[in-house]
Amino acid sequence: MEKKTLYLPHELIILILLKLPVNSVIRFKLVCKLWFSLISDPHFASSHFEHAASHSRKIVWMERFCNIRSIDFEGSMSNVSPNINFSTPPFLFPTIKGSCRGFIYVHTRRTIYIWNPTTGSHIEIPISPFESNNKSNTLDNLYGFGYDRSRDDYLVVACCYDPDLYNISSLLQFFSFRDHKWREVEGPHGSYRIESEKEGSLCNGAIHWTAYRHYDDLKVIVAFDLMERNLLEIPFSDEFELGLSSDVWVFGEFLSVWTQNNDTVEIFVMKEYKVHSSWTKTLVFPIINNDLSYFIPVCHTKSGDILGTADGKFVKLNVEGQVLEITSNGDSYGCGFQAVVYTESLLSLPGGDIQQF
């Protein structure tokens, strides 16, 4: 009896692969040359990112000796990954400044790395010309990374405080991966400083930071619009009161801020972007009953729980503030604790040679 050869149309194979998780798709590159070519195509990677049924989101953080680890916060927080292979010379003091569409922005004193942990590829670019001239204190500068959908371009943004223009202006620059060069945005721009080496929060096509204005020391939300390529301020809610600590983050799909006042954390959400009246106090929960001295929100799960850091640990809370899970984040001595939310992707960057670690 003659054996029948099973055949799937090429279009159907693509539709099936587009619905699979990233790690499964990467393994299927080994099936045959045709699948390898298909999955390696940048157009397929873009379609997969836009149409995959579900994306695996993880928290990525840096430990002592600058080892990088990750955890899938939708599952058990005990499933911490082994060290992810990423290395820079130890004297360069790497810090994580953000993440976007599967890439992580790692900043050092001499080089910027944009790295896709899933594929292992990365691109190195020089730090901004202003920073390389050692004119600014890098601890005061605002850095971010995001995607300009209108131009299909990725931007690294640097808002650098200029001591020669103290209380007047900052120098605003961005690196375009499409053009592969730094560009300056004509000013003047507000002069800002940040409290710590916190990464920018990406939401509604803009990168957001909380920062202090130099001229009056008032804390504000600063945003860089990736399409318009300009800097603007977004006022806090009228009900918002600065506590012992506070910052901007993304809650759901909304721009949000949190503040801790003594033993209570309050979360405000801007339900309509750039509309001041849409600020809404969404959550208020105590942390003192959980023996936590502080709690810094990082992300939220699909089920509505909030995951953050406290006392050197990752902590998962429900909306009432009750601890659901707690685990050590490892030894972050030497690099400071830096954690970002990372979405797995097959994407690659335009405008440069991709290197493999």
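Just above sits the structure.
Reading the values: rules and limits
Residue numbers run consecutively from 1 along every chain, following the written order of its sequence. Reporting in this predicted model follows two pLDDT cut-offs: at least 70 for local features of residues, and 80 or more for side-chain atom pairs to be given and counted; totals over whole chains, interfaces and linings ignore these cut-offs and use all residues. Only heavy atoms go into the side-chain values, all of them from the structure, while hydrogens and water stay out. Numbered from the N terminus, helices here are DSSP runs of H or I no shorter than four residues, and strands are runs of E no shorter than two. Only protein chains enter the accessibility calculation, which uses a 1.4 Å probe; a residue whose area is less than 20% of its type maximum is buried, one above 50% is exposed, and one in between is partly exposed. By definition in these notes, contact holds between two residues if any of their heavy atoms fall within 4.5 Å. Residue-level accessible areas treat just the shown protein chains as cover; the underlying method is Shrake-Rupley with a 1.4 Å probe. Where helices are involved, their axes are fitted lines through C-alpha atoms of the stretch in contact, as for all axes, and angles between N-to-C directions lie from 0 to 180°. Oblique is the label for any angle not covered by the other classes, which are roughly parallel (under 35 degrees), roughly antiparallel (over 145) and roughly perpendicular (65 to 115). In this scheme the handedness of a crossing depends on how the near helix is turned from the far one: anticlockwise by less than a right angle means left-handed, clockwise means right-handed. Polar here means any residue other than Ala, Val, Leu, Ile, Met, Phe, Trp, Tyr, Cys and Pro, which are nonpolar, and Asp, Glu, Lys and Arg, which are charged; Gly is therefore polar. In this description, strands pair whenever DSSP reports at least two bridges between them. Surface patches are defined over residues having more than 30% relative accessible area and no salt bridge, joining like charges when they lie within 9 Å and nonpolar side chains (Val, Leu, Ile, Met, Phe, Trp, Tyr) when within 5 Å. We count a salt bridge whenever a side-chain nitrogen from Lys or Arg sits within 4 Å of a carboxyl oxygen from Asp or Glu.

## Some thoughts on the overall build of the protein
When helices and strands are counted, the protein shows 5 helices and 25 strands. Sorting the 357 residues of the protein into buried and exposed places 51% on the buried side. Contacts spanning at least 24 positions in sequence make up 48% of the contacts within the protein whose residues lie at least 6 apart. Total accessible area on the protein is roughly 17400 Å²; 52% of this is exposed by carbon and sulfur atoms.

## Some points on the packing of helix α1 (residues 10-18) against helix α3 (residues 33-40)
Orientation of α1 relative to α3, taken along the N-to-C sense of each, is 55°, at an axis distance of 12 Å. On the basis of the axis angle, α1 is oblique to α3. With respect to the hand of their crossing, α1 and α3 are arranged in right-handed fashion. Here α1 contributes His10, Ile13, Ile14 and Leu17 to the contact with α3, which in turn contributes Leu34, Trp35, Leu38 and Ile39. Of the residues belonging to the contact of α1 with α3, the class tally is 7 nonpolar, 1 polar and no charged.

## A look at the pairing of strand β17 (residues 254-261)
Taken across its 8 residues, β17 has 6 buried, putting it largely inside the fold. For strand β16 (residues 245-251) and β17, the ladder comprises 7 bridges, and the chain directions are antiparallel. Along β17, the bridge assignment pairs Ser246 with Thr259. The hairpin turn running from β16 into β17, its antiparallel successor, is 2 residues long, and Gly252 in that turn takes a positive phi close to 70°. As paired elements, β17 and strand β18 (residues 264-270) share 7 bridges and run antiparallel to each other. Bridge pairing in β18 places Gln260 opposite Val265. Between β17 and β18, which pair antiparallel in sequence order, lie 2 residues; one of them, Asn262, sits at a positive phi of approximately 55°.

## Let's talk about the side chain of Ser345
Along the chain, Ser345 falls in the loop between β24 (339-343) and β25 (355-356). Judged by its relative accessible area of 1%, Ser345 falls in the buried class. Apart from residues lying up to four places away in sequence, Ser345 is in contact with Val22, Phe49, Arg101, Gly102, Asn116, Thr118 and Thr119.

## Quick word on a nonpolar patch on the surface
Together, Leu8, Leu12, Leu15 and Ile16 make up a nonpolar patch on the protein surface, roughly 340 Å² of accessible area in all. Secondary-structure assignment places Ile16 in helix α1. We classify Ile16 as partly exposed; its relative accessible area is 39%.

## Quick notes on the pattern of salt bridges
Within the structure shown, the criterion is met by 12 salt bridges. In this structure, the salt-bridge partner of Asp148 is Arg151, at a minimum N-O distance of 2.6 Å. Its salt-bridge partner being Arg213, residue Glu233 comes within 2.9 Å of it at the nearest N-O pair. A residue pair is termed long-range when its members are at least 10 positions apart, and Glu233 in strand β15 (residues 230-234) and Arg213 in strand β13 (residues 206-213) qualify at 20 residues. A single network of salt bridges, built from pairs that share partners, joins Asp148, Arg151, Asp153 and Arg229.

## Notes on the sheet that holds β17
Judged by pairing direction, the sheet is antiparallel, and its 4 strands sit side by side in the order β16-β17-β18-β19 without closing on themselves. This sheet does not close on itself; its edge strands, each paired only once, are β16 and β19 (279-286). The average angle at which neighbouring strand axes cross in this sheet is 25°, direction not considered.

## Looking at the sheet that holds strand β9 (residues 170-176)
Spatially, the 4 strands line up as an open sheet ordered β7-β8-β9-β10, and their pairing is antiparallel. Edge positions in the sheet fall to β7 (142-148) and β10 (181-185), since each has one partner strand and no second. For this sheet, the mean inter-axis angle between neighbouring strands, taken without regard to orientation, is 25°. Bridge count between β9 and β10: 5 bridges; the pairing is antiparallel. Each residue of the ladder has a partner; that of Phe174, found in β10, is Arg183.

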